[in-house]
Amino acid sequence: MTDSLVEVRNLQKYFYEQDSLVDRLLRTDPVAVKAVDGLEFEIEQGETLGLVGESGCGKSTTGETVLRLQEATEGEVYFDGSNIYDMNRTELKEFRRRAAIVFQDPFSSLDPRMTIGETVKQPLDVHDWPQDDNHDTSKDEQKTERVKDLLNRVGLSGDQFDRYPHEFSGGQRQRIGIARALALDPDFVVLDEPTSALDVSVQAQILNLLDDLQSEFGLTYLLISHDLSVIRHICDRVAVMYLGEIVEVASSQDIFSDPQHPYTKALLESVPRVTITERVRDIKTLSGDVPSPRNPPSGCRFRTRCPSVIPPANSNIDQEAYRELLSIRNRIRSRDIDLSDTQEFLEMDETEDLADRVVETMVTSELTLSEPHRSRVREAIAAALEDDWEEAESLLTEYDSICEHVSPALQEGRDHCAACHLVEQPPAVVDAVADSPVTPQDGYE
(Lines give C-alpha, C1' and ligand atoms only; values in the text may rest on other atoms or scores of the structure.)
Protein backbone atom coordinates (compact mmCIF):
# COMPACT_ATOMS: atom_id res chain seq x y z
CA MET A 1 0.00 0.00 0.00
CA THR A 2 1.03 3.59 -0.61
CA ASP A 3 0.37 6.63 1.55
CA SER A 4 -2.73 7.51 -0.50
CA LEU A 5 -5.94 8.06 1.44
CA VAL A 6 -7.98 6.32 -1.30
CA GLU A 7 -6.60 3.62 -3.57
CA VAL A 8 -8.76 1.88 -6.17
CA ARG A 9 -7.60 -1.36 -7.83
CA ASN A 10 -9.32 -3.09 -10.78
CA LEU A 11 -12.75 -1.78 -9.75
CA GLN A 12 -15.63 -3.31 -11.69
CA LYS A 13 -19.35 -2.73 -11.38
CA TYR A 14 -21.65 -4.68 -13.69
CA PHE A 15 -25.43 -4.50 -13.77
CA TYR A 16 -27.14 -7.61 -15.09
CA GLU A 17 -30.18 -7.84 -17.33
CA GLN A 18 -32.21 -11.01 -17.92
CA ASP A 19 -31.28 -12.11 -14.42
CA SER A 20 -34.70 -12.52 -12.80
CA LEU A 21 -36.02 -15.74 -11.30
CA VAL A 22 -38.03 -16.42 -14.46
CA ASP A 23 -34.91 -15.92 -16.61
CA ARG A 24 -33.02 -18.39 -14.45
CA LEU A 25 -35.80 -20.97 -14.70
CA LEU A 26 -35.77 -20.52 -18.47
CA ARG A 27 -31.96 -20.76 -18.38
CA THR A 28 -31.58 -17.41 -20.13
CA ASP A 29 -28.02 -16.14 -19.98
CA PRO A 30 -27.72 -12.83 -18.09
CA VAL A 31 -26.40 -9.82 -19.98
CA ALA A 32 -23.80 -7.68 -18.21
CA VAL A 33 -23.96 -3.90 -18.50
CA LYS A 34 -20.34 -2.92 -17.80
CA ALA A 35 -20.83 0.44 -16.12
CA VAL A 36 -17.37 0.44 -14.51
CA ASP A 37 -14.70 -1.87 -15.89
CA GLY A 38 -11.24 -2.16 -14.37
CA LEU A 39 -10.65 1.32 -12.90
CA GLU A 40 -7.42 2.08 -11.05
CA PHE A 41 -6.53 5.40 -9.41
CA GLU A 42 -5.28 6.94 -6.17
CA ILE A 43 -6.19 10.08 -4.25
CA GLU A 44 -3.69 11.63 -1.86
CA GLN A 45 -4.67 13.21 1.45
CA GLY A 46 -5.94 16.77 0.89
CA GLU A 47 -6.04 16.33 -2.90
CA THR A 48 -8.91 16.90 -5.32
CA LEU A 49 -9.15 14.35 -8.13
CA GLY A 50 -11.54 15.23 -10.93
CA LEU A 51 -13.37 12.46 -12.78
CA VAL A 52 -14.60 13.78 -16.11
CA GLY A 53 -16.38 12.28 -19.09
CA GLU A 54 -19.60 12.23 -21.10
CA SER A 55 -22.94 11.44 -19.51
CA GLY A 56 -23.38 7.70 -19.10
CA CYS A 57 -19.68 6.82 -18.96
CA GLY A 58 -19.90 5.50 -15.38
CA LYS A 59 -18.71 8.46 -13.31
CA SER A 60 -21.51 8.48 -10.73
CA THR A 61 -21.45 4.68 -10.46
CA THR A 62 -17.73 4.93 -9.74
CA GLY A 63 -18.31 7.39 -6.90
CA GLU A 64 -21.05 5.27 -5.35
CA THR A 65 -18.99 2.07 -5.63
CA VAL A 66 -15.93 3.73 -4.08
CA LEU A 67 -18.13 4.56 -1.07
CA ARG A 68 -19.71 1.08 -1.13
CA LEU A 69 -23.14 2.55 -1.70
CA GLN A 70 -23.10 0.08 -4.59
CA GLU A 71 -21.47 -3.32 -4.15
CA ALA A 72 -18.55 -3.86 -6.52
CA THR A 73 -18.64 -6.81 -8.92
CA GLU A 74 -14.89 -7.14 -8.52
CA GLY A 75 -11.90 -5.13 -7.36
CA GLU A 76 -10.61 -3.45 -4.23
CA VAL A 77 -11.04 0.00 -2.68
CA TYR A 78 -8.54 0.85 0.05
CA PHE A 79 -9.33 3.68 2.44
CA ASP A 80 -6.49 4.66 4.74
CA GLY A 81 -4.89 1.26 4.07
CA SER A 82 -7.97 -0.92 4.64
CA ASN A 83 -10.07 -2.58 1.94
CA ILE A 84 -13.64 -1.37 2.49
CA TYR A 85 -15.00 -4.56 0.91
CA ASP A 86 -13.34 -6.64 3.64
CA MET A 87 -14.75 -4.53 6.48
CA ASN A 88 -17.18 -5.95 9.02
CA ARG A 89 -20.25 -4.05 10.18
CA THR A 90 -18.42 -2.08 12.88
CA GLU A 91 -15.51 -1.15 10.60
CA LEU A 92 -17.87 -0.16 7.81
CA LYS A 93 -19.78 2.17 10.13
CA GLU A 94 -16.50 3.85 11.10
CA PHE A 95 -15.65 4.21 7.39
CA ARG A 96 -19.01 5.87 6.75
CA ARG A 97 -18.24 8.38 9.50
CA ARG A 98 -15.03 9.34 7.69
CA ALA A 99 -16.46 9.41 4.14
CA ALA A 100 -19.41 11.35 2.74
CA ILE A 101 -21.12 12.31 -0.51
CA VAL A 102 -22.78 15.40 -1.97
CA PHE A 103 -25.38 14.30 -4.48
CA GLN A 104 -25.96 15.73 -7.94
CA ASP A 105 -29.56 16.86 -7.57
CA PRO A 106 -30.14 19.28 -4.67
CA PHE A 107 -33.91 18.93 -5.11
CA SER A 108 -34.35 15.16 -4.81
CA SER A 109 -31.51 14.50 -2.35
CA LEU A 110 -33.35 16.23 0.54
CA ASP A 111 -36.40 14.73 2.26
CA PRO A 112 -39.23 17.28 1.81
CA ARG A 113 -40.87 16.09 5.07
CA MET A 114 -37.80 16.87 7.20
CA THR A 115 -36.63 20.30 8.25
CA ILE A 116 -33.12 21.17 7.18
CA GLY A 117 -32.05 20.98 10.80
CA GLU A 118 -33.29 17.38 11.01
CA THR A 119 -31.61 16.58 7.69
CA VAL A 120 -28.19 17.86 8.74
CA LYS A 121 -28.59 16.29 12.20
CA GLN A 122 -29.44 12.85 10.86
CA PRO A 123 -25.79 11.66 10.46
CA LEU A 124 -25.14 12.78 14.05
CA ASP A 125 -28.06 10.66 15.24
CA VAL A 126 -27.01 7.60 13.23
CA HIS A 127 -23.44 7.71 14.55
CA ASP A 128 -24.43 8.71 18.09
CA TRP A 129 -22.43 11.96 17.98
CA PRO A 130 -20.86 13.09 20.28
CA GLN A 131 -19.55 9.82 21.67
CA ASP A 132 -18.23 11.30 24.92
CA ASP A 133 -20.23 12.83 27.77
CA ASN A 134 -17.64 15.35 28.92
CA HIS A 135 -19.91 18.33 28.36
CA ASP A 136 -22.16 20.47 30.52
CA THR A 137 -24.94 20.37 27.92
CA SER A 138 -27.07 17.46 26.70
CA LYS A 139 -26.37 15.59 23.46
CA ASP A 140 -29.44 17.10 21.79
CA GLU A 141 -28.26 20.60 22.60
CA GLN A 142 -24.79 19.81 21.28
CA LYS A 143 -26.25 18.42 18.06
CA THR A 144 -28.42 21.49 17.57
CA GLU A 145 -25.45 23.75 18.16
CA ARG A 146 -23.36 21.68 15.72
CA VAL A 147 -26.02 21.88 13.01
CA LYS A 148 -26.40 25.64 13.37
CA ASP A 149 -22.65 26.04 13.18
CA LEU A 150 -22.53 23.97 9.98
CA LEU A 151 -25.33 26.00 8.40
CA ASN A 152 -23.43 29.18 9.18
CA ARG A 153 -20.22 27.74 7.71
CA VAL A 154 -21.88 26.94 4.36
CA GLY A 155 -23.35 30.42 4.03
CA LEU A 156 -26.81 29.88 5.50
CA SER A 157 -28.18 30.96 8.86
CA GLY A 158 -28.59 28.87 11.99
CA ASP A 159 -31.98 30.55 12.42
CA GLN A 160 -33.21 28.59 9.38
CA PHE A 161 -32.96 25.34 11.38
CA ASP A 162 -36.73 24.70 11.34
CA ARG A 163 -37.41 25.53 7.70
CA TYR A 164 -38.21 22.96 5.00
CA PRO A 165 -36.34 22.32 1.70
CA HIS A 166 -39.10 23.83 -0.48
CA GLU A 167 -38.40 27.20 1.13
CA PHE A 168 -34.88 27.32 -0.35
CA SER A 169 -33.43 27.90 -3.80
CA GLY A 170 -31.37 25.30 -5.66
CA GLY A 171 -28.07 26.80 -4.56
CA GLN A 172 -29.22 26.99 -0.94
CA ARG A 173 -30.35 23.35 -1.05
CA GLN A 174 -26.94 22.29 -2.30
CA ARG A 175 -25.39 24.16 0.64
CA ILE A 176 -27.65 22.12 2.92
CA GLY A 177 -26.39 18.95 1.25
CA ILE A 178 -22.81 20.08 1.81
CA ALA A 179 -23.55 20.81 5.48
CA ARG A 180 -24.99 17.31 5.88
CA ALA A 181 -21.89 15.79 4.26
CA LEU A 182 -19.61 17.69 6.67
CA ALA A 183 -21.62 16.86 9.80
CA LEU A 184 -19.21 14.18 11.08
CA ASP A 185 -15.95 15.90 10.03
CA PRO A 186 -15.19 13.41 7.22
CA ASP A 187 -11.76 12.97 5.66
CA PHE A 188 -13.05 12.09 2.18
CA VAL A 189 -16.00 13.51 0.22
CA VAL A 190 -17.36 12.41 -3.15
CA LEU A 191 -18.84 15.40 -4.99
CA ASP A 192 -21.20 14.00 -7.61
CA GLU A 193 -21.68 16.88 -10.06
CA PRO A 194 -22.49 19.29 -7.21
CA THR A 195 -23.08 22.28 -9.51
CA SER A 196 -24.69 20.76 -12.62
CA ALA A 197 -28.25 21.76 -11.61
CA LEU A 198 -27.31 25.32 -10.62
CA ASP A 199 -27.03 28.68 -12.40
CA VAL A 200 -23.56 29.84 -13.38
CA SER A 201 -23.35 32.52 -10.68
CA VAL A 202 -24.47 30.04 -8.02
CA GLN A 203 -21.99 27.45 -9.35
CA ALA A 204 -19.13 29.83 -8.64
CA GLN A 205 -20.35 30.37 -5.07
CA ILE A 206 -20.57 26.60 -4.41
CA LEU A 207 -17.15 25.93 -5.91
CA ASN A 208 -15.55 28.69 -3.84
CA LEU A 209 -17.31 27.31 -0.75
CA LEU A 210 -15.95 23.79 -1.43
CA ASP A 211 -12.47 25.22 -1.93
CA ASP A 212 -12.64 27.15 1.35
CA LEU A 213 -13.95 24.13 3.27
CA GLN A 214 -11.16 21.95 1.90
CA SER A 215 -8.57 24.45 3.13
CA GLU A 216 -10.26 24.74 6.52
CA PHE A 217 -10.88 21.04 7.22
CA GLY A 218 -8.15 19.36 5.13
CA LEU A 219 -10.73 17.47 3.05
CA THR A 220 -9.96 15.06 0.22
CA TYR A 221 -12.33 15.29 -2.76
CA LEU A 222 -13.35 13.06 -5.66
CA LEU A 223 -15.10 15.58 -7.91
CA ILE A 224 -17.31 14.05 -10.58
CA SER A 225 -18.32 16.35 -13.42
CA HIS A 226 -18.79 16.66 -17.16
CA ASP A 227 -18.10 20.40 -16.97
CA LEU A 228 -14.44 20.97 -17.80
CA SER A 229 -14.49 24.54 -16.50
CA VAL A 230 -15.50 23.24 -13.06
CA ILE A 231 -12.77 20.59 -13.19
CA ARG A 232 -10.14 23.16 -14.13
CA HIS A 233 -11.18 25.52 -11.34
CA ILE A 234 -10.93 23.16 -8.40
CA CYS A 235 -8.99 19.95 -9.25
CA ASP A 236 -5.33 19.09 -8.62
CA ARG A 237 -5.40 16.05 -10.92
CA VAL A 238 -7.87 14.85 -13.55
CA ALA A 239 -8.90 11.36 -14.67
CA VAL A 240 -10.72 11.22 -18.01
CA MET A 241 -13.29 8.42 -18.29
CA TYR A 242 -14.84 6.84 -21.37
CA LEU A 243 -17.30 3.93 -21.46
CA GLY A 244 -16.39 2.57 -18.03
CA GLU A 245 -12.61 2.97 -18.35
CA ILE A 246 -10.09 5.68 -17.48
CA VAL A 247 -8.23 6.72 -20.63
CA GLU A 248 -5.96 9.49 -19.30
CA VAL A 249 -4.70 10.74 -15.92
CA ALA A 250 -2.58 13.83 -15.32
CA SER A 251 -2.35 17.04 -13.36
CA SER A 252 -5.03 19.57 -14.16
CA GLN A 253 -2.46 21.82 -15.81
CA ASP A 254 -1.12 19.04 -18.05
CA ILE A 255 -4.57 17.84 -19.08
CA PHE A 256 -5.56 21.30 -20.31
CA SER A 257 -2.21 22.31 -21.79
CA ASP A 258 -0.97 18.99 -23.23
CA PRO A 259 -3.74 16.38 -23.63
CA GLN A 260 -2.47 13.09 -25.06
CA HIS A 261 -5.55 10.93 -25.62
CA PRO A 262 -7.72 11.75 -28.68
CA TYR A 263 -10.86 11.65 -26.51
CA THR A 264 -9.41 14.21 -24.09
CA LYS A 265 -8.48 16.42 -27.03
CA ALA A 266 -12.02 16.14 -28.40
CA LEU A 267 -13.52 17.10 -25.02
CA LEU A 268 -11.31 20.17 -24.76
CA GLU A 269 -12.00 21.11 -28.36
CA SER A 270 -15.74 21.17 -27.64
CA VAL A 271 -15.42 23.74 -24.83
CA PRO A 272 -16.53 27.26 -25.93
CA ARG A 273 -13.82 29.91 -25.62
CA VAL A 274 -14.21 33.55 -24.70
CA THR A 275 -12.30 34.96 -27.66
CA ILE A 276 -13.12 36.98 -30.77
CA THR A 277 -11.98 34.06 -32.97
CA GLU A 278 -14.56 31.71 -31.40
CA ARG A 279 -17.19 32.85 -33.92
CA VAL A 280 -15.22 31.49 -36.87
CA ARG A 281 -13.60 28.50 -35.14
CA ASP A 282 -14.52 25.21 -36.76
CA ILE A 283 -15.32 22.82 -33.90
CA LYS A 284 -14.72 19.23 -34.96
CA THR A 285 -17.27 17.10 -33.15
CA LEU A 286 -16.93 13.38 -32.60
CA SER A 287 -18.75 11.19 -35.09
CA GLY A 288 -21.14 8.43 -34.08
CA ASP A 289 -22.76 7.54 -30.79
CA VAL A 290 -21.23 6.14 -27.63
CA PRO A 291 -21.27 2.31 -27.92
CA SER A 292 -23.39 0.29 -25.54
CA PRO A 293 -21.74 -0.87 -22.30
CA ARG A 294 -23.57 -4.15 -22.86
CA ASN A 295 -21.22 -4.93 -25.72
CA PRO A 296 -18.26 -2.52 -25.68
CA PRO A 297 -15.89 -2.54 -28.68
CA SER A 298 -12.84 -4.78 -28.64
CA GLY A 299 -9.41 -3.25 -28.14
CA CYS A 300 -9.61 0.49 -27.54
CA ARG A 301 -13.20 1.35 -26.67
CA PHE A 302 -12.89 4.79 -28.22
CA ARG A 303 -11.84 3.47 -31.63
CA THR A 304 -15.36 3.59 -33.11
CA ARG A 305 -15.37 7.40 -32.74
CA CYS A 306 -11.66 8.18 -32.70
CA PRO A 307 -10.46 10.76 -35.24
CA SER A 308 -6.94 9.26 -35.07
CA VAL A 309 -7.57 5.52 -35.36
CA ILE A 310 -4.41 3.79 -36.63
CA PRO A 311 -4.56 2.32 -40.19
CA PRO A 312 -2.79 -0.96 -41.02
CA ALA A 313 0.67 -0.96 -42.57
CA ASN A 314 1.02 -0.42 -46.33
CA SER A 315 -2.58 0.76 -46.65
CA ASN A 316 -1.57 4.20 -47.98
CA ILE A 317 -4.87 5.71 -46.95
CA ASP A 318 -5.49 9.02 -45.22
CA GLN A 319 -7.36 9.27 -41.92
CA GLU A 320 -10.63 10.68 -43.25
CA ALA A 321 -10.96 8.07 -45.98
CA TYR A 322 -9.96 5.31 -43.55
CA ARG A 323 -12.65 6.37 -41.09
CA GLU A 324 -15.13 6.26 -43.95
CA LEU A 325 -14.04 2.80 -44.97
CA LEU A 326 -14.26 1.53 -41.38
CA SER A 327 -17.81 2.88 -41.16
CA ILE A 328 -18.81 0.84 -44.23
CA ARG A 329 -17.01 -2.25 -42.94
CA ASN A 330 -18.71 -1.99 -39.53
CA ARG A 331 -22.12 -1.69 -41.18
CA ILE A 332 -21.39 -4.85 -43.15
CA ARG A 333 -20.28 -6.68 -39.99
CA SER A 334 -23.43 -5.64 -38.14
CA ARG A 335 -25.64 -6.35 -41.19
CA ASP A 336 -26.72 -2.73 -41.00
CA ILE A 337 -27.36 -2.36 -44.73
CA ASP A 338 -30.98 -2.78 -45.82
CA LEU A 339 -30.78 -4.39 -49.21
CA SER A 340 -34.52 -4.72 -49.77
CA ASP A 341 -35.86 -2.43 -52.47
CA THR A 342 -32.42 -0.76 -52.71
CA GLN A 343 -32.61 -0.27 -56.47
CA GLU A 344 -36.04 1.38 -56.29
CA PHE A 345 -34.99 3.57 -53.34
CA LEU A 346 -31.95 4.88 -55.22
CA GLU A 347 -34.12 5.62 -58.29
CA MET A 348 -31.81 3.66 -60.56
CA ASP A 349 -32.37 2.60 -64.10
CA GLU A 350 -31.60 -0.91 -65.28
CA THR A 351 -28.28 0.08 -66.90
CA GLU A 352 -26.67 1.22 -63.64
CA ASP A 353 -24.60 -1.11 -61.48
CA LEU A 354 -26.23 -1.51 -58.05
CA ALA A 355 -22.97 -2.07 -56.15
CA ASP A 356 -21.40 1.05 -57.68
CA ARG A 357 -24.44 3.12 -56.76
CA VAL A 358 -24.47 1.85 -53.18
CA VAL A 359 -20.76 2.65 -52.78
CA GLU A 360 -21.32 6.12 -54.21
CA THR A 361 -24.17 6.70 -51.75
CA MET A 362 -22.29 5.40 -48.70
CA VAL A 363 -19.02 7.27 -49.40
CA THR A 364 -19.81 10.82 -48.34
CA SER A 365 -16.37 12.34 -47.88
CA GLU A 366 -15.33 15.07 -50.27
CA LEU A 367 -12.08 13.15 -50.78
CA THR A 368 -13.92 9.85 -51.54
CA LEU A 369 -12.12 6.53 -51.55
CA SER A 370 -9.27 6.16 -54.01
CA GLU A 371 -8.17 2.98 -55.73
CA PRO A 372 -7.65 0.18 -54.88
CA HIS A 373 -9.76 0.80 -51.76
CA ARG A 374 -12.88 1.78 -53.67
CA SER A 375 -12.76 -1.38 -55.75
CA ARG A 376 -12.34 -3.52 -52.66
CA VAL A 377 -15.35 -1.85 -51.02
CA ARG A 378 -17.34 -2.37 -54.23
CA GLU A 379 -16.51 -6.09 -54.16
CA ALA A 380 -17.65 -6.32 -50.54
CA ILE A 381 -20.90 -4.48 -51.30
CA ALA A 382 -21.52 -6.74 -54.29
CA ALA A 383 -21.04 -9.82 -52.07
CA ALA A 384 -23.46 -8.36 -49.52
CA LEU A 385 -26.01 -7.75 -52.28
CA GLU A 386 -25.73 -11.45 -53.09
CA ASP A 387 -26.41 -12.16 -49.39
CA ASP A 388 -22.89 -13.51 -48.94
CA TRP A 389 -22.10 -11.53 -45.78
CA GLU A 390 -19.13 -13.68 -44.73
CA GLU A 391 -17.39 -13.04 -48.04
CA ALA A 392 -18.17 -9.34 -47.73
CA GLU A 393 -16.54 -9.26 -44.29
CA SER A 394 -13.45 -11.21 -45.38
CA LEU A 395 -12.82 -8.81 -48.27
CA LEU A 396 -12.36 -5.94 -45.78
CA THR A 397 -10.38 -7.70 -43.03
CA GLU A 398 -7.15 -6.25 -44.43
CA TYR A 399 -8.30 -2.88 -43.10
CA ASP A 400 -8.34 -4.03 -39.47
CA SER A 401 -6.67 -1.60 -37.07
CA ILE A 402 -4.34 -2.44 -34.18
CA CYS A 403 -6.79 -0.38 -32.11
CA GLU A 404 -9.34 -3.19 -32.59
CA HIS A 405 -7.06 -6.07 -31.61
CA VAL A 406 -5.02 -4.81 -28.65
CA SER A 407 -6.32 -2.83 -25.69
CA PRO A 408 -4.02 0.07 -24.73
CA ALA A 409 -3.23 0.66 -21.04
CA LEU A 410 -2.19 3.43 -18.67
CA GLN A 411 1.54 3.56 -17.92
CA GLU A 412 2.33 2.84 -14.28
CA GLY A 413 4.51 5.19 -12.30
CA ARG A 414 3.99 8.23 -14.53
CA ASP A 415 2.44 11.55 -13.59
CA HIS A 416 0.85 11.85 -17.05
CA CYS A 417 -0.38 8.65 -18.67
CA ALA A 418 -2.82 7.82 -21.46
CA ALA A 419 -4.33 4.54 -22.65
CA CYS A 420 -3.69 5.06 -26.37
CA HIS A 421 -1.45 3.37 -28.95
CA LEU A 422 -0.39 6.82 -30.16
CA VAL A 423 1.69 7.28 -27.00
CA GLU A 424 4.30 5.06 -25.39
CA GLN A 425 2.71 1.92 -23.94
CA PRO A 426 3.66 -0.54 -21.16
CA PRO A 427 5.82 -3.56 -22.17
CA ALA A 428 2.85 -5.97 -22.00
CA VAL A 429 0.94 -3.90 -24.57
CA VAL A 430 4.02 -3.56 -26.78
CA ASP A 431 4.41 -7.37 -26.77
CA ALA A 432 0.71 -7.82 -27.59
CA VAL A 433 1.07 -5.45 -30.55
CA ALA A 434 4.07 -7.43 -31.79
CA ASP A 435 2.09 -10.68 -31.57
CA SER A 436 -1.00 -9.22 -33.23
CA PRO A 437 -1.96 -10.24 -36.79
CA VAL A 438 -2.25 -6.53 -37.61
CA THR A 439 0.82 -4.37 -38.23
CA PRO A 440 0.30 -0.65 -37.52
CA GLN A 441 1.04 1.94 -40.19
CA ASP A 442 4.56 3.37 -40.06
CA GLY A 443 4.96 6.16 -37.51
CA TYR A 444 2.49 4.67 -35.02
CA GLU A 445 4.64 1.93 -33.47
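Residues numbered from 1 in each chain as written. Predicted model: local features only at pLDDT ≥ 70, side-chain atom pairs only at ≥ 80, totals over all residues. Heavy atoms only, no water.

Brief notes about the nonpolar core
Moving on, step 1. The biggest cluster of nonpolar side chains holds 78 residues, and the ones touching the most others in it are Ile-178, Leu-213, Val-240 and Ile-332.
Moving on, step 2. Leu-11, Val-77, Phe-95 and Met-241 belong to the second largest nonpolar core, which has 31 residues in total. (Core = buried A, V, L, I, M, F, W, Y, C linked by side-chain atoms within 4.5 Å. Buried < 20%, exposed > 50% of the residue type's maximum accessible area, 1.4 Å probe, protein only.)

A word on the packing of helix H4 (residues 116-126) against helix H5 (residues 139-153)
Moving on, step 1. Direction vectors running N to C along H4 and H5 enclose 120°, while the axes themselves pass 9 Å from each other. Judged by the inter-axis angle, H4 sits oblique to H5. Crossing of H4 over H5 shows right-handed handedness. Each of Ile-116, Gly-117, Val-120, Lys-121, Leu-124 and Asp-125 in H4 lies in contact with H5, whose residues at this interface are Lys-143, Arg-146, Val-147, Leu-150 and Leu-151. (Axes fitted to C-alpha atoms, helices over the stretch in contact; angles between N-to-C directions. Helix = DSSP H or I, 4+ residues; strand = E, 2+ residues; numbered from the N terminus. Parallel < 35°, antiparallel > 145°, perpendicular 65-115°, else oblique. Left-handed = near helix turned anticlockwise from the far one by under 90°. Contact = heavy atoms within 4.5 Å.)

So, the sheet that holds strand S2 (residues 31-43)
Moving on, step 1. In space, the four strands of this open sheet follow the order S2-S1-S4-S5, with antiparallel pairing throughout. Of all the strands in the sheet, just S2 and strand S5 (82-83) have a single pairing partner and so form its edges.
Moving on, step 2. In this sheet, S2 lies alongside strand S1 (residues 6-17) in antiparallel orientation, the contact comprising ten bridges. Paired with Glu-17 across the strands is Val-31, a residue of S2.
Moving on, step 3. Contacting S1, S2 and strand S4 (74-79), helix H2 (residues 59-66) runs over the sheet at an angle of about 115° to S1. (Pairing = 2+ DSSP bridges.)

Topic: the sheet that holds strand S9 (residues 237-242)
Moving on, step 1. Strands sit in the order S6-S7-S8-S3-S9-S10-S11 across an open sheet of seven strands; the sheet is mixed. Each end of this open sheet is capped by a strand with a single partner; those strands are strand S6 (99-102) and strand S11 (417-418).
Moving on, step 2. With five bridges joining them, strand S7 (residues 188-192) and strand S8 (residues 220-225) adopt parallel strand pairing. Along S8, the bridge assignment pairs Val-189 with Tyr-221.
Moving on, step 3. Strand contacts of H2: strand S3 (48-52), S7, S8 and S9, with the helix running at about 155° to S8, the strand carrying the most contacts.
Moving on, step 4. In this fold helix H3 (residues 89-98) packs onto S6 and S7, with an angle of close to 50° to the strand it touches most, S6.

None of this, on its own, says anything about what the molecule does.
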